[in-house]
Amino acid sequence: MRTAGLVIFVLTTALTLAALAMAVTSHRPADAVGLVALAGLLASGAYGTGRRLFKG
């Protein structure tokens, strides 16, 4: 289970960074707002998974 948690943590972190990068390079404000919202949701999931995973 620890390996699955680590995989989920790494994937959600990578997707968060990708969504933020897309938001920064987006030329349409509406797309940028949506991508930042998506990044926030993904970051929340990564935080929760990481917290459970690295709690000890």
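Look above for the structure.
Since this is a predicted model, take the numbers as computed values, not measurements. (Residues numbered from 1 in each chain as written. Predicted model: local features only at pLDDT ≥ 70, side-chain atom pairs only at ≥ 80, totals over all residues. Heavy atoms only, no water.)

## Observations concerning a nonpolar patch on the surface
Right, on to step 1. A contiguous nonpolar patch, built from Leu6, Val10 and Phe54 and spanning about 280 Å² of accessible area, is present on the exposed surface.
Right, on to step 2. Structurally, the position occupied by Leu6 is in helix α1 (residues 2-25).
Right, on to step 3. The class for Leu6 is partly exposed, based on a relative accessible area of 41%. (Patch = residues over 30% accessible without salt bridge, like charges linked within 9 Å, V, L, I, M, F, W, Y side chains within 5 Å. Areas by Shrake-Rupley, 256 points an atom, 1.4 Å probe, with all protein chains shown as cover. Salt bridge = Lys/Arg side-chain N within 4 Å of Asp/Glu carboxyl O. Helix = DSSP H or I, 4+ residues; strand = E, 2+ residues; numbered from the N terminus. Buried < 20%, exposed > 50% of the residue type's maximum accessible area, 1.4 Å probe, protein only.)

## Quick look at the packing of α1 against helix α2 (residues 29-53)
Right, on to step 1. Axis separation between α1 and α2 bottoms out at 8 Å; the angle between their running directions is 160 degrees. With respect to each other, α1 and α2 are oriented roughly antiparallel. Note that α1 runs across α2; the crossing there is left-handed.
Right, on to step 2. Classifying every residue of the contact of α1 with α2 gives 17 nonpolar, seven polar and one charged. (Axes fitted to C-alpha atoms, helices over the stretch in contact; angles between N-to-C directions. Parallel < 35°, antiparallel > 145°, perpendicular 65-115°, else oblique. Left-handed = near helix turned anticlockwise from the far one by under 90°. Nonpolar A, V, L, I, M, F, W, Y, C, P; charged D, E, K, R; others polar.)

## Considerations on the pattern of salt bridges
Side chains that carry opposite charge are capable of pairing whenever their charged atoms lie near each other.
Right, on to step 1. Within the structure shown, the criterion is met by one salt bridge.
Right, on to step 2. A salt bridge links Asp31 to Arg28; its shortest N-O distance comes to 2.7 Å.
Right, on to step 3. Its relative accessible area of 56% is what places Arg28 among the exposed residues.

## Brief notes about α2
Right, on to step 1. For α2, built from 25 residues, the straight-helix expectation of 36 Å at 1.5 Å per residue is met to within 8% by its first-to-last C-alpha distance of 35 Å.
Right, on to step 2. If you check which residues of α2 are buried, you get Ala32, Leu35, Ala39, Leu42, Ala46, Gly48, Thr49, Gly50 and Leu53.
Right, on to step 3. Where α2 is buried, its residues touch α1. (Expected span 1.5 Å × (residues − 1). Contact = heavy atoms within 4.5 Å.)

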